[in-house]
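So you can see what is in the structure, the chains are spelled out below.
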Amino acid sequence: MTPVQPLLEVRGLTKRYLGLTAVDDLSYALETGSVVGLIGPNGSGKSTSIDCMSGFQAADRGQWFLDGRELTGLAPHRIARAGLTRTFQTVRAYDELTLLENLCVAAQENDGVSWMQALLRGKTLRGADAAARARGLELLATVGLANYADAPAAILSYGQRKLLAIAASMMPKPRLVVLDEPVAGVNQTMVRHIEEVIRKLNAEGVTLLIVEHNVDFIMSLCSRVIVLESGSKIADGPPGLIRSDPRVLAAYLGNKRAAELDAGNG
Ligand SMILES: Nc1ncnc2c1ncn2[C@@H]1O[C@H](COP(=O)(O)OP(=O)(O)O)[C@@H](O)[C@H]1O
Ligand SMILES: [Mg+2]
């Protein structure tokens, strides 16, 4: 049997901030078509690891590959064009622009053109190319925001902003999308809706890596869960095994105790 090439392969990713090793020799691979969760206590290096992979932070060491193509050290827009996109923990949207315009800007950013550069070139968003508009409309329908295509992003709720960010990450037709805390701070109804959107995207062939604090959400959605603690991978397996893994329990329990102690002192 020939081994199947993973969609993503991360080898020895390391990121230091002064004296602190935020991500420590992290290696893992993702199978094409999978939905994988990345969890870990606060400060365990989840965001930093994906910031490095998506080109938003420079790694100190390590290599990563998408479908065998090395992405190490590339700029975010090049990584996006190669097929790996992401959302951010803090949602970003241009409030004055319509939802559709927001998606067209996202598409231009993925082409390495900043919004300012696009303006200077005299390329207005109204003239954004028909393909980007069509793609944008299709994605707004996918995430359930089609009715607001021409409304300014300012009217969106926090949860709807998370949906817009997911749509934006899909603009360049990525193979792998990394979602950083897609349901943090949103209500239960919206959590379920976002879960459905993620399932829909996966059914369309997108591979997803989901960073979340909400462990129940990850356990119900993902076939595999990777757990970080202090920048290192401490567990990697199906949700059933992760739930009962002594190292994982200790990492979470330790953290909870620390929080309780903090509260007691405060
Ligand atoms: N820009 C930064 N400068 C210095 N330290 C940082 C920076 N970003 C993150 N860290 C530190 O790196 C560690 C990992 O942070 P982060 O990746 O945000 O964790 P998580 O997303 O798992 O909560 C934490 O100790 C955090 O304080
Ligand atoms: Mg984070």
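Above: the structure in question.
Residues numbered from 1 in each chain as written. Chains lettered and ligands numbered in written order. Predicted model: local features only at pLDDT ≥ 70, side-chain atom pairs only at ≥ 80, totals over all residues. Heavy atoms only, no water.

### Topic: the layout of surface pockets
Over the atoms, a rolling probe the size of a water molecule traces out where space has been left empty.
Thought 1: Roughly 650 Å³ of internal volume is contained in the largest pocket.
Thought 2: For the largest pocket, the lining is made up of 27 residues, of which Arg86, Phe88, Ala106, Glu109 and Ala168 are closest to its centre.
Thought 3: For the lining of the largest pocket, the secondary-structure elements that each account for two or more residues are helix H2 (76-82), strand S6 (84-86), helix H3 (99-110) and helix H6 (158-170).
Thought 4: Sorting elements by how many residues they give to the lining of the largest pocket places H3 first, with 6 residues. (1 Å grid on protein atoms, 1.4 Å probe; cavity = no way out; pocket = protein on both sides within 12 Å on 5 of 7 lines; lining within 4 Å. Points joined across faces, edges and corners; volume = space filled by probe spheres on them. Helix = DSSP H or I, 4+ residues; strand = E, 2+ residues; numbered from the N terminus.)

### Observations regarding the site of ligand 1
Thought 1: Around ligand 1 sit Tyr17, Leu20, Ala22, Pro41, Asn42, Gly43, Ser44, Gly45, Lys46, Ser47 and Thr48, and those are all the residues in its vicinity.
Thought 2: Interatomic distance of 2.6 Å between a side-chain N/O atom of threonine 48 and an oxygen atom of ligand 1.
Thought 3: Contact with the protein chains removes 61% of the 560 Å² of surface that ligand 1 exposes when unbound.
Thought 4: Of all the elements, helix H1 (residues 46-53) adds the most residues to the shell around ligand 1, at 3 residues. (Near = heavy atom within 4 Å. Polar contact = N/O pair within 3.5 Å; in protein donor to acceptor, adjacent residues only side chain to side chain. Areas by Shrake-Rupley, 256 points an atom, 1.4 Å probe, with all protein chains shown as cover.)

### Quick word on the pairing of strand S10 (residues 232-237)
Thought 1: Pairing geometry for strand S9 (residues 224-229) and S10, over 5 bridges, is antiparallel. Note that in S10 the partner of valine 225 across the bridge is glycine 237.
Thought 2: Between S9 and S10, which pair antiparallel and follow one another directly, the connecting turn spans 2 residues, one of which, serine 230, has a positive phi of 50°. (Pairing = 2+ DSSP bridges.)

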